[in-house]
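# Coordinate inspection notes
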Amino acid sequence: MLELQGVGSMGISILYLAAGIPAFLFAIPAGAFVERSNLQRTMITTDAIRALLVFLFIMVGYFTTVAPLFIYILLFLITINDMFFLPASQSLLRWVVPEKLRPQANGQLQIAMMTGKLLSFTLGAYLIKAGFELTSLLFMVIAAFALSIVLILFIRPAVMNNTDKTTKTLQMVTEGLTFIKNTTYQNISPSMITLSTFGIN
């Protein structure tokens, strides 16, 4: 869609920023929230929000010309929801899969996620080449989110990730940032110095 609007390399760069900034800003708060949440409910909620965002985007396209800004905002908001969905889905695995099967199940989950991404890109490109309208593809995305919700409803039992209510979410975020800071100074700095030296040379 951005290519059709001729945004150029700068517009594509902004697209990647819109997808990357939420990971930087919300990964730790989202992880702390998921640590204290009902995992299936979190996954269903994020799926519903993402489907609603795509639907609103389609509605905007019906009433006005879709500016690149709307695409960036859509991607930014969807990626924020990804920050909640992904840790919830990965955390759910250890509650619903027997311990001895978890390594295999985790591998299958990662393969399924990567395969889904590759297939979605391939199928999307093929359908666009076949003449499908972008609106039709977006409705397919909404259908995929709806299917995800239905499948999540079949996952039992409902899992509350952490029943410890003594630690507040903000405290968990602070502890996470402190850990990253300490780890960065103690372990990552030598690597960064090496990479910096390589770059200078």
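What comes next is a walk through the structure. It should be emphasised that the depicted structure is a prediction, and the values quoted were computed from it without experimental measurement.

### Concerning the nonpolar core
Grouped together as the largest cluster of nonpolar side chains are eleven residues: A51, L53, V54, F57, I58, I71, L74, I78, L138, I142 and F145. For this core, the element with the highest residue contribution is helix 2 (residues 39–63), accounting for five residues. Ignoring sequence-local partners within four residues, the contact set of L138 consists of V54, F57 and I58. Counting residues in each nonpolar core, the second largest holds eight residues, with A88, L92, I152 and V159 among its members.

### Topic: the environment of L75
Mapped onto the elements, L75 comes out in helix 3 (residues 68–96). L75 gets classed as partly exposed once you look at its relative accessible area, which sits at 24%. Note: C-alpha distance between L75 and P22 (53 residues apart in sequence) is 9.7 Å. In contact with L75, not counting residues within four places along its chain, are L15, A18 and A19.

### Considering the pattern of salt bridges
Inspection of every chain in the model, using the stated rule, returns two salt bridges. The closest approach of N and O atoms between R50 and D47, which form a salt bridge, is 2.6 Å. Here D47 and R50 lie together in helix 2, a separation of three residues that amounts to about one turn. An identical accessibility class is assigned to R50 and D47; each is buried. Notably, a salt bridge pairs R50 with D82, separated by 2.4 Å at the nearest N-O pair. In this pair, R50 sits in helix 2 while D82 sits in helix 3, placing the two residues 32 residues apart along the sequence. Taking relative accessible area as the criterion, R50 reaches 7% and is therefore assigned buried. Bridged by salt links that share partners, the residues D47, R50 and D82 form one connected network.

### Here we look at the packing of helix 2 against helix 3
Following both chains from N to C, one finds helix 2 and helix 3 inclined at 160°, their axes separated by 8 Å at the closest point. When the interaxial angle is binned, helix 2 and helix 3 end up roughly antiparallel. Classified by chirality, the crossing of helix 3 by helix 2 is left-handed. In the contact of helix 2 with helix 3, the residues fall into 17 nonpolar, six polar and three charged.

### Points about the packing of helix 1 (residues 8–34) against helix 3
Two numbers describe how helix 1 lies on helix 3: the axes approach to 8 Å, and their chain directions differ by 30°. Crossing of helix 1 over helix 3 shows right-handed handedness. Across the contact of helix 1 with helix 3, the residue classes tally to 21 nonpolar, two polar and no charged.

### Looking at the packing of aromatic side chains
Following the criterion strictly, the structure yields one aromatic pair and no others. Ring plane angle 80° and centroid distance 5.6 Å describe the contact between F33 and F84, whose orientation is recorded as edge-to-face. Taken together, the residues span a long stretch of sequence, with F33 in helix 1 and F84 in helix 3 at a distance of 51 residues. Assessed through its relative accessible area of 21%, F84 is described here as partly exposed. Here the guanidinium or amino end of R50 rests over the ring plane of F85, the centre of that ring lying 4.6 Å away.

### Remarks on the environment of E35
With respect to the helices and strands, E35 occurs in the loop between helix 1 and helix 2. For the pair E35 and P87, spaced 52 residues apart in sequence, the C-alpha to C-alpha distance is 8.8 Å.

Basis of the calculations
Residues numbered from 1 in each chain as written. Predicted model: local features only at pLDDT ≥ 70, side-chain atom pairs only at ≥ 80, totals over all residues. Heavy atoms only, no water. Core = buried A, V, L, I, M, F, W, Y, C linked by side-chain atoms within 4.5 Å. Buried < 20%, exposed > 50% of the residue type's maximum accessible area, 1.4 Å probe, protein only. Helix = DSSP H or I, 4+ residues; strand = E, 2+ residues; numbered from the N terminus. Contact = heavy atoms within 4.5 Å. Salt bridge = Lys/Arg side-chain N within 4 Å of Asp/Glu carboxyl O. Axes fitted to C-alpha atoms, helices over the stretch in contact; angles between N-to-C directions. Parallel < 35°, antiparallel > 145°, perpendicular 65-115°, else oblique. Left-handed = near helix turned anticlockwise from the far one by under 90°. Nonpolar A, V, L, I, M, F, W, Y, C, P; charged D, E, K, R; others polar. Phe/Tyr/Trp six-rings, centres within 6.5 Å; stacked < 30°, edge-to-face > 60°. Lys NZ or Arg CZ within 6 Å of the ring centre and 35° of its normal.

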